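# Working through the structure, step by step
Each chain is listed here by its residues.
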Amino acid sequence: MRISLGVTMRLSNATLSDGSKVDLVIKNSKIESIEKPTQGGDFDMEGLIALPGFVDLHTHLREPGFESSETVLSGSMAAASGGYTAVFAMANTQPVTDNAGTATQVFELGQQAGLVEVRPIGSVTKNLEGKELSAMGSMINSKAGVKIFSDDGHCVSDASLMKTAMEYLKPLGGVVAQHAQEPTLTIGSQVNDGEVAKITGLKGWPASAEESIILRDALLSEQTGCQLHVCHVTTKLGVELIRWAKQRGFPISAEVTPHHLMFTELMASHYNTSYKVNPPLRTQADTEALVEGLLDGTIDVIGTDHAPHAADLKDQDWTQAAFGMTGLEQGYQVAHKVLIKSGLSDWKRLVEVMSSKAATIAGLGNHGNLEVGSEANIAIVDPNQKSVVKHNRYSKSNNNPYIGQEFDSAVAHTLFRGKFSYQDSEVVV
Ligand SMILES: [Zn+2]
Ligand SMILES: [Zn+2]
């Protein structure tokens with residue numbers, strides 16, 4: 001049981017993203033006041049940085065249907081340990097989240113776990129088949145209040161159907177999150193269509209498969225006025241197309257994963273299936289363009305695409321192994337490495353890409369800010385805690401591409417609705 005410490009709790013000497021030092025006074029799940037630092041609060045946060053809790057727009061929690069890989073509870077634990085206070089669960093469960101009942105089920109499982117806000121993403125098409133629109137209206141009106149729709153893992157490749165979905169969602173304030181992949185260009189593809197395809201002889205995955213859909217959907221967003229969110233952009237030209245669309249005022253946002261920021265296709269050259277992922281790891285030039293896009297605002301958010309797979313789905317020949325890698329437990333650490341440790345950016349930008357921008361895209365008013373009166377959803381990080389990743393601590397799966405990597409910062413505590421969900425590096429259950 002999570003212990004409530006009475007009505008009021010004082011976190012003293014916390015540093016905020018602007019460098020100021022404060023006491024955070026939390027009362028009844030909200031930030032009651034932000035005061036001058038004192039000694040002797042309930043918890044001393046000296047040396048730690050308090051940030052708005054992280055929001056992940058792209059998580060696979062696998063329940064219902066694939067509970068041997070992850071459950072809403074185990075995924076919530078992984079999320080809390082990573083500093084997240086809200087995650088958006090992709091629809092490719094069994095049954096698919098293409099109806100109000102399944103959306104409500106996922107939402108309620110999240111409430112029962114009680115560690116982060118779990119918001120289901122609804123599918124765009126029934127059973128992810130790309131043929132007929134799902135029950136989007138009833139998902140929006142359900143208890144789960146679905147806002148984002150995606151056939152992630154499957155691109156909505158039929159342009160006419162995509163346009164119809166956008167026309168339907170526009171007046172309802174919905175967002176279409178597209179996994180941009182023209183399927184006729186990637187049949188049998190296994191790795192990036194470049195150096196590693198030559199080394200391994202595995203079938204290449206052309207960048208144009210992603211870029212052609214990004215461009216098409218950007219044009220449809222402009223035509224329909226519907227908000228488009230580009231999932232996991234991975235290519236240099238993809239970033240340039242999004243930049244172009246944003247300059248023209250198209251309603252478009254974009255996401256990059258921690259793994260595409262950190263790794264290149266060469267990680268896939270040793271047949272270690274932990275690095276098999278869709279879309280694939282790309283080239284150094286692509287990675288640099290993704291970082292540049294993240295710095296200049298072309299890319300709005302880091303979304304983990306946390307894709308846990310039980311060992312038997314990954315312990316296979318490369319061509320048979322499942323696509324995907326976990327990310328919730330290291331997402332913040334990669335963001336810190338890319339933005340802060342590199343010297344390229346600052347804590348303010350980290351807050352935007354890990355929390356506030358995602359909250360805005362998803363319409364989550366109770367996340368993404370750390371102000372008097374806001375819900376106390378807080379990630380508290382230690383900027384100087386070095387560690388080497390050994391394995392996932394809370395996810396049920398261990399297809400973790402960061403094993404062996406050293407990071408210089410770690411999440412110390414997470415508060416969800418005013419209570420510790422992760423305290424002194426342990427999930428509070
Ligand atoms: Zn995807
Ligand atoms: Zn995904």
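Before any of the text, the structure's been laid out above.
Residues numbered from 1 in each chain as written. Chains lettered and ligands numbered in written order. Predicted model: local features only at pLDDT ≥ 70, side-chain atom pairs only at ≥ 80, totals over all residues. Heavy atoms only, no water.

Right, let's talk about the coordination of the zinc ion (ligand 2) for a bit. Taken together, His58 (NE2), His60 (NE2), Asp152 (OD) and Asp305 (OD) make up the full set of protein donors to the zinc ion (ligand 2), lying 2.0 to 2.2 Å away. Of note, the zinc ion (ligand 2) draws all its donor residues from one chain, in the sequence arrangement H-x1-H-x91-D-x152-D. In this structure, the zinc ion (ligand 2) lies 3.5 Å from the zinc ion (ligand 1), and both are coordinated by aspartate 152. Residue aspartate 152 is found in the loop between β9 (148–149) and α4 (159–169), and its partner aspartate 305 is found in the loop between β15 (301–302) and α10 (311–314); the two are separated by 153 residues along the sequence. Per residue, the accessibility class of aspartate 152 equals that of aspartate 305, and both read buried. (Donors = N, O, S within 2.8 Å, 3.2 Å for Na, K, Ca; no water. Helix = DSSP H or I, 4+ residues; strand = E, 2+ residues; numbered from the N terminus. Buried < 20%, exposed > 50% of the residue type's maximum accessible area, 1.4 Å probe, protein only.)

At the metal site, the zinc ion (ligand 1) is ligated by Asp152 (OD), His179 (ND1) and His232 (NE2), and these contacts range over 2.0 to 2.1 Å. Spacing between the donor residues of the zinc ion (ligand 1) along their common chain follows D-x26-H-x52-H. For aspartate 152, a relative accessible area of 4% puts it in the buried group. Take histidine 179: its relative accessible area is 2%, and that puts it in the buried class.

A cis amide bond, omega 5°, links glutamate 63 with the succeeding residue proline 64. Tracing the backbone shows proline 64 in the loop between β6 (54–59) and α1 (72–81). Residue arginine 417 is not a glycine yet carries a positive backbone phi of 50°. Along the chain, arginine 417 falls in the loop between β19 (410–416) and β20 (419–423). Judged by relative accessible area, arginine 417 falls into the partly exposed class, the value being 36%. The backbone of serine 425 sits at a positive phi, close to 65°, despite the residue not being glycine.

It is worth spelling out the packing of helix α11 (residues 331–341) against helix α12 (residues 347–362) at this point. Axis separation between α11 and α12 bottoms out at 10 Å; the angle between their running directions is 140°. In terms of orientation, α11 lies oblique with respect to α12. The handedness of the crossing between α11 and α12 is right-handed. Contact with α11, carried on its side by Gly331, Tyr332, Ala335, His336, Leu339 and Ile340, involves Trp347, Arg349, Leu350, Val353 and Met354 of α12 and no other residues of that element. Partitioned by chemical class, the residues of the contact of α11 with α12 number 8 nonpolar, 2 polar and 1 charged. (Axes fitted to C-alpha atoms, helices over the stretch in contact; angles between N-to-C directions. Parallel < 35°, antiparallel > 145°, perpendicular 65-115°, else oblique. Left-handed = near helix turned anticlockwise from the far one by under 90°. Contact = heavy atoms within 4.5 Å. Nonpolar A, V, L, I, M, F, W, Y, C, P; charged D, E, K, R; others polar.)

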